[in-house]
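# Architecture at a glance
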Amino acid sequence: MAEFVFRLPDLAEGLEDAEVVEWRVAEGDQVELNQLLGEVQTSKATVEIPSPRTGRVVRVHAQPGELVRVGEPLVTFEVDDEPGVVGRVPHDRGARRRVRLRRPGQA
Amino acid sequence: MVQALNAALRQCLRDDPRTLVFGEDVGRLGGVFRVTDGLQDEFGARVFDTPLAESGIVGIAIGLAMAGWRPVPEIQFDGFSFPALDQVLTNLAKYRGRSRGAYDMAVTLRVPSFGGISGPEHHSESPETLYAHTAGLKVVSPSGPQEAFHLLVQAVEEPDPVIFLEPKSRYWAREEVSMTPSPLPVGKARIVRSGDDATLVAWGAMVRRCLEVAAAAEEDGVSLEVLDLRWLVPMDDETLVESVSRTGRAVVVHEAPRTGGMGAEVSARLMELAFRKLRAPVQRVTGWDVPYPAASAEHEYIPSLDRILLAVQRVLDE
Amino acid sequence: MDERRCYRLMLLARRLDEEAVRLQRQGELVAFPPMQGQEAAEVASVMALRETDQIFPSYREHGAAVARGVDLVGYLLAYRGAWNGGAYDFAGHHFAPIASAVGSHLLHAVGWAMGRRLDSGDEVAIVFFGEGATSEGDASEAFNFAGVYRAPVIFFCQNNGWAISVPAARQTAGEIWRRAAGFGIEGARVDGNDARAVYESVAEAASRARRGDGPTLIEAMTYRLGAHSTADDDRRYRSSEEVAERRADDPLDRMRATLEAEGVDASFFEAAELEARETIGRVRAGLTVTSDPPAVEMFDFVYAAPPPALARQRAEVGELS
């Protein structure tokens, strides 16, 4: 078994967040791939979210009325191990740096 | 920023009954980014949807301006502004001249611009150089919500054609906006963060990126000044030269491809006007000389924190 | 027309379309423009052509891609934001890259067709576009050039009723198929939700083009049952009653009814559904194990050979990664 954290995707061209409208599943529920998890409201539309996995809902990270930022956890699933899955790099929304500056005159 | 733009348009439509807002999906839908949301309900026939034809949109704007209206048309995305380029370059930019001043071309062309939204092809272009290189146009880009309000009201009031490039990646940015007249005249840049060691010059979405760079540099004891050019045409040489004369170092940041980008124009002006104050050659951090890539490669194309910091290091090291 | 094959392809197109919207909601695709409701128009038209006839899609021709046998994982990579235009075998399938600049590709189809004619080839080009695209100046230029040069091209306009939020009645005051006469080319209007009618009209147009009698403008009347794209909320500009009404004319249901009336029994439809679901499952799995091209590839197809300055930029990206 493995854990899969489903993060809120950017649902339409640069949106920053979405508000949870309602859940159709609860923590502990077994869900199928594409089963309707719930609805979120973006600046543009109300959007139905289908389950990205078959598995058990371990944690729901926001309640109706709460705002979730894109890239933040929405639902955590317990899933069967998925061998051979190529990791997907999530959207790098934060500007992380690796370059450090040397002031003029420093070694 | 969407609400600030909406408020600006609402104010313009209210204050001047000759103002018109039109384009694809701007009326009933309120715009694909909701910038014109609710305007048709309030202002009726002065806000309308057009057929799918960018050249048509700009062409009729020219005619409407000749008939004494104040058109504020929208092109839905930067990458779709090109069918209208002929109308912009051949006519919008030249009509005042061609008519010896008989006609104002009081047209403000709103264009959602630039990248950083994982957009489909043609939805993330930086066309500012094409417009800046065309005599007769004014070109401006707001960096955030307050700027968007001030600059759009100001642009619409201009008797000259203004290309208004809205950074889509900043559409959902939030800040307090006061709905007052712009404190700065047309063509004025703004120092958005003061510093001593180098000046970062940017516009549009890259202003915020440069502020992130300045915050990171501060951690390393380097003090960076960030200059929001705002108006590409007319460009504020005075503020640019004053800042770079003080810091002695300049890094220009833009999303558009390097070759022939506005970074080259800024560099040339600094060389002409502040050569002896420069302690290092001007650096440019830009998009690469490739067509805007697909979403998955976007983060390697748009000037990143690290790339800009490396350029800052280069000017510090001279 | 092989009606069973047509149904299977239309069903696959429908299931692919539904799955792609779900994939977008799950963060796997970046954006997707559904073509639900247009399956007959897109599948039957391609079925009426040879495998070597050149297809010029816009951005909503998933049904045409299915009918042409394009690798669907490579096709969907365009909508995953992995590569603009798609990552499938364009030349092998005679299926041009996805074209998102509305109306700009009609001229490409005309040019291609003119090129075939110069070579005395008898392949034809078909270009897909919506009623909105006909408002672009480039579309009229394409019709005109095609007429003047008697280009072997089929202009296949899917009038699906909406250009994002603008209804067809506000897109043009005329009837699109009638413009053909003005350009001296053949024009026809067809029920785009009737697969057989679409097939016959395209077959006739292809025949005309192959014997040197020039282009045809076909206006296929259909309906966009879904929103413009996954970024669009169609409830803002049209009623759910209207959509429900038009759903009664669902081309997939009509095709099924036609087959049932001819005595095809339930087992055929069950098998088709199973086959479609299996294919979709393979597509989803394929997407999961297929990486995006590395970012440096943005430099690799700009020129035939990159100039030194560009090669240096590429090296800089390589260093930073």
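Each partner contributes residues to the interface: chain B has 34 residues there, and chain C has 40 residues. Here chain B and chain C share an interface that buries about 3000 Å² over both sides, 57% of which is from carbon and sulfur atoms. Considering only the side of chain B, the residues that lose the most area to chain C are B:Arg28, B:Leu52 and B:Trp288, jointly responsible for 22% of the buried surface there. Here chain B and chain C share one salt bridge between them. Put simply, C:Arg236 and B:Asp37 hold a salt bridge, and the shortest N to O gap is 2.9 Å. Of all the elements in the fold, those that place two or more residues in the side of chain B that touches chain C are α11 (298-301) and α12 (305-317) of chain B. Grouping the amino acids of the side of chain B that touches chain C by side-chain chemistry returns 18 nonpolar, five polar and 11 charged.

Our next topic: the environment of C:Arg196. All names here are of chain C. You can see arginine 196 is positioned in helix α10 (residues 195-210). Remark: the alpha-carbon pair of arginine 196 and aspartate 2, spanning 194 residues in sequence, is separated by 9.6 Å. Residues in contact with arginine 196, not counting those within four places in the same chain, are Met1 and Glu3.

Another aspect to go through is the interface of chain B and chain A. On the chain A side, the residues contacting the 29 residues of chain B number 19 residues. Each partner contributes to the roughly 2200 Å² buried at the junction of chain B and chain A, and carbon and sulfur atoms together form 50% of this total. Among the residues of chain B in contact with chain A, B:Trp172, B:Asp220 and B:Asp306 are the three that bury the most area, contributing 28% of the side total. Applying the counting rule to chain B against chain A returns six salt bridges. A salt bridge links A:Arg102 to B:Asp317; its shortest N-O distance comes to 3.0 Å. At the level of secondary structure, the elements contributing two or more residues to the side of chain B that touches chain A comprise α8 (206-219) and α12 of chain B. Broken down by element, the residue count for the side of chain B that touches chain A peaks at eight residues, all from α12(B). Looking at the side of chain B that touches chain A residue by residue, the class counts come to 14 nonpolar, six polar and nine charged.

Attention shifts here to the sheet that holds strand β8 (residues 198-202) of chain B. Residue and element names in this part refer to chain B. Read across the open sheet, the five strands follow the order β7-β9-β8-β11-β12; overall the sheet is mixed. This sheet does not close on itself; its edge strands, each paired only once, are β7 (190-193) and β12 (283-287). If you compare each strand with its neighbour and ignore which way they point, the axes differ by 25° on average. Both β8 and strand β11 (residues 250-257) contribute to a ladder of three bridges, which runs parallel.

Turning our attention to the domain arrangement of chain B. Residues and elements named next belong to chain B. Here the domain parsing of chain B yields domain 1 (2-170) and domain 2 (190-317). A C-alpha centroid distance of 27 Å is found between domain 1 and domain 2. The interface is formed by 26 residues belonging to domain 1 together with 22 residues belonging to domain 2. For the pair domain 1 and domain 2, the summed buried surface comes to about 2000 Å²; carbon and sulfur atoms form 57% of the total. When the buried surface of domain 1 facing domain 2 is broken down by residue, Glu128, Glu147 and Arg170 rank first, second and third, together holding 21% of it. A salt bridge links glutamate 147 to arginine 230; the nearest nitrogen and oxygen atoms lie 2.8 Å apart. Here the side of domain 1 that touches domain 2 is built from residues that sort into 10 nonpolar, 11 polar and five charged.

Cut-offs and rules
- Residues numbered from 1 in each chain as written.
- Chains lettered and ligands numbered in written order.
- Predicted model: local features only at pLDDT ≥ 70, side-chain atom pairs only at ≥ 80, totals over all residues.
- Heavy atoms only, no water.
- Contact = heavy atoms within 4.5 Å.
- Buried area = accessible area lost by both parts, 1.4 Å probe.
- Salt bridge = Lys/Arg side-chain N within 4 Å of Asp/Glu carboxyl O.
- Helix = DSSP H or I, 4+ residues; strand = E, 2+ residues; numbered from the N terminus.
- Nonpolar A, V, L, I, M, F, W, Y, C, P; charged D, E, K, R; others polar.
- Pairing = 2+ DSSP bridges.
- Axes fitted to C-alpha atoms, helices over the stretch in contact; angles between N-to-C directions.
- Domains from an automatic or database assignment.

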